[in-house]
Amino acid sequence: MRSEVAAPPQPGCLERFVSAGKGRGLRARRHYAVGELLFSCPAYTAVLTVSERGTHCDGCFARKEALSKCGRCKQAFYCDVECQKTHPERTESEKLLAVEEFESHLDKLDNEKRELIQNDIAALHHFYSKHLEYPDNAALVVLFAQVNCNGFTIEDEELSHLGSAIFPDVALMNHSCCPNVIVTYKGTLAEVRAVREIEPGEEVFTSYIDLLYPTEDRNDRLRDSYFFNCDCRECIIKEKDKLKLEIRKLNDPPSAEAVRDMIKYARNMIEEFRRAKRYKSPSELLEICELSLDKMGAVFEDSNVYMLHMMYQAMGVCLYMQDWEGALRYGQKIIRPYSKHYPAYSLNVASMWLKLGRLYMALENRTAGVKALKSAIAIMEVAHGKDHPYISEIKKELEDH
């Protein structure tokens, strides 16, 4: 049952401990119900993405009109003087884990990753060398490696990138592909809520990655970014993999080799599309999506996660091109499989319902729009909390229509 308890979280009800095979971890000392807030964590530091400047405060990330431009740099925008102040002292974000304790995994970095870090350091010196004193290069390499492993992306209600931040206490949580909590953001405040019942003594797990994909793909991503393999229940029994990799039912079924070849093709196309976004036009990107969907569709069902990945990319291109009907067609194909493949109270499912609801409303299908927006709210009330500004905004959208 969903919790209706509004009592504030108690830090003493969580403890840092040594998790077998995982190192540091976070453990519950009492029961937490679904939707209950375990703890919140202000950002140790945060930076707004450039594309959101002028619409969001550079200090607190609030979305509002009539922001004031910084009188010194002429680039940043703030709500007021308070948001413009810096707070260099140790913050409330380090109650359980200090930034200096972050893992860097320097010994596991390959030459490509080391080169990327050196490029970032060179850019830092190029743009800021006149204003800042730096530690030596070796210390900067450690710092960048720590941020790469422990940094967070702050996203809005549709999972668009707002900025990046460091939340030390949130970084204490270990990963599971069957998480029992979810992390959401209220400006630059991270909030951690239960998405499953948590019992006393149980470890608190979040997910570091997108959980749409099959076990092999998830662990490839975990090894590449975080240098470990997951040993959660889903990674051991691979219960969802068959459904995620569903093959089209044909009179002449494809051979095992043909399926393996198509999976390899799909993975290559995902990477090719990621690179193509840097230099191809929206119409060219849409063509890549359509051609790959046509080829994969000869073997894969529409609910196959590789089909869903390219449909999601196509939907994003349609939204960018303001082709609302095209975006809606892709979204309608995506939402049901998403609801099956993702865990309960997934932000990916909520954001898809939200996009569909807004598309329906824009296309004057109010009945479908209301249903979709209410589906988004039902998930977000658990993941974000009922008092979150995003939920208030969506409810206002419903009232205005």
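Keep in mind the model is a prediction, meaning the values are calculated, not measured.

A. Structural detail: the nonpolar core. Judged by nonpolar contacts, the single largest core of 95 residues is most densely connected at Leu38, Phe39, Phe167, Val170, Met173, Met296 and Phe300. When residues in this core are grouped by element, the largest group, 10 residues, is from helix 10 (residues 305-320). One finds Ile117, Leu140, Ala145 and Phe227 within the second-largest nonpolar core, a separate group that totals nine residues.

B. Broad picture of unusual backbone geometry. In the Ramachandran plot, histidine 105 falls in the positive-phi region, its phi being about 55° despite a non-glycine side chain. Among the structural elements, histidine 105 can be located in the loop between helix 1 (81-84) and helix 2 (111-128). Histidine 105 gets classed as buried once you look at its relative accessible area, which sits at 17%. Within the chain, tyrosine 345 stands out as a residue other than glycine whose phi angle is a positive 60°. Its location among the elements puts tyrosine 345 in the loop between helix 11 (324-341) and helix 12 (347-362). Exposure remark for tyrosine 345: the relative accessible area of 26% places this residue in the partly exposed category.

C. Representation of the sheet that holds strand 3 (residues 37-42) in the model. Sheet architecture is open: three strands sit in the order 3-11-10, paired in antiparallel fashion. Looking along the sheet, the strands with just one partner apiece sit at the ends: strand 3 and strand 10 (181-186). Shown here is a sheet whose adjacent strand axes are inclined to one another by a mean of 20°, direction ignored.

D. Local environment of the state of the cysteines. For the coordinates displayed, the defined rule picks out zero disulfides. Free cysteine: cysteine 57, not disulfide-bonded; nearest cysteine sulfur from cysteine 79 at 3.8 Å. For cysteine 57, a relative accessible area of 0% puts it in the buried group. You can see cysteine 235 has no disulfide; the closest cysteine sulfur is in cysteine 177, sitting 3.6 Å from it.

E. Looking closely at the sheet that holds strand 7 (residues 151-155). With respect to topology, three strands assemble into an open sheet ordered 4-8-7, the strand pairing being antiparallel. Taken across any chain shown, the strands that pair with only one partner, and hence form the sheet edges, are strand 4 (45-48) and strand 7. Each adjacent strand pair in this sheet contributes to an overall mean axis angle of 25°, direction not counted. By the bridge criterion, four bridges tie strand 4 to strand 8 (residues 161-166) in an arrangement that is antiparallel. The residue of strand 8 that forms the bridge with leucine 48 is glycine 163.

F. Up close: helix 5 (residues 215-226). Taking 1.5 Å of rise per residue, the 12 residues of helix 5 would be expected to cover 16 Å, and the 16 Å separating its terminal C-alpha atoms lies within 8% of that figure. The set of residues buried in helix 5 consists of Thr215, Asp217, Arg218, Asn219, Leu222, Ser225 and Tyr226. Of the surrounding elements, those touching the buried residues of helix 5 are helix 3 (137-150), strand 9 (174-175), helix 6 (233-237), helix 7 (241-244), helix 8 (256-276) and helix 10.

G. Here's a closer look at the confidence of the model for the chain. Of the residues in the chain, 95% have a pLDDT of 70 or more, and the chain-wide mean is 92. Confidence drops under pLDDT 50 across residues 1-8; counting only partners more than four residues distant or on other chains, this segment forms 11 contacts.

H. Here's a closer look at the environment of tyrosine 213. Within the fold, tyrosine 213 resides in the loop between strand 12 (205-206) and helix 5. Between the alpha carbons of tyrosine 213 and glycine 369 there is a distance of 28 Å; along the sequence they are 156 residues apart. Contacts of tyrosine 213, omitting those with residues within four sequence positions, involve Arg218, Lys244, Val305 and His309. Side chain to side chain, tyrosine 213 and histidine 309 meet in a polar contact 2.6 Å long.

I. Structural detail: helix 12. Taking 1.5 Å per residue as the helical rise, helix 12 with its 16 residues ought to reach 22 Å, and the 22 Å between its terminal C-alpha atoms agrees with that figure. The buried fraction of helix 12 amounts to 13 of the 16 residues, a majority that puts the element mostly inside the structure. Taking the backbone nitrogen of asparagine 348 as reference, a side-chain oxygen 3.1 Å away marks serine 346 as the first, capping residue of helix 12. Glutamate 364 occupies a position one or two residues after helix 12 and carries a positive phi of about 65°.

J. The pattern of salt bridges, seen in detail. Tallied over the entire structure, the rule returns 28 salt bridges. Here aspartate 110 makes a salt bridge to lysine 113, at a shortest N to O gap of 4.0 Å. Aspartate 110 sits in the partly exposed class, given a relative accessible area of 36%. A single salt-bridge network, built from bridges that share partners, covers Arg63, Glu157, Glu158, Arg358, Glu393 and Glu397.

The rules behind the values
Residues numbered from 1 in each chain as written. Predicted model: local features only at pLDDT ≥ 70, side-chain atom pairs only at ≥ 80, totals over all residues. Heavy atoms only, no water. Core = buried A, V, L, I, M, F, W, Y, C linked by side-chain atoms within 4.5 Å. Buried < 20%, exposed > 50% of the residue type's maximum accessible area, 1.4 Å probe, protein only. Helix = DSSP H or I, 4+ residues; strand = E, 2+ residues; numbered from the N terminus. Pairing = 2+ DSSP bridges. Axes fitted to C-alpha atoms, helices over the stretch in contact; angles between N-to-C directions. Disulfide = S-S within 2.5 Å. Expected span 1.5 Å × (residues − 1). Contact = heavy atoms within 4.5 Å. pLDDT = per-residue confidence, 0-100. Polar contact = N/O pair within 3.5 Å; in protein donor to acceptor, adjacent residues only side chain to side chain. Salt bridge = Lys/Arg side-chain N within 4 Å of Asp/Glu carboxyl O.

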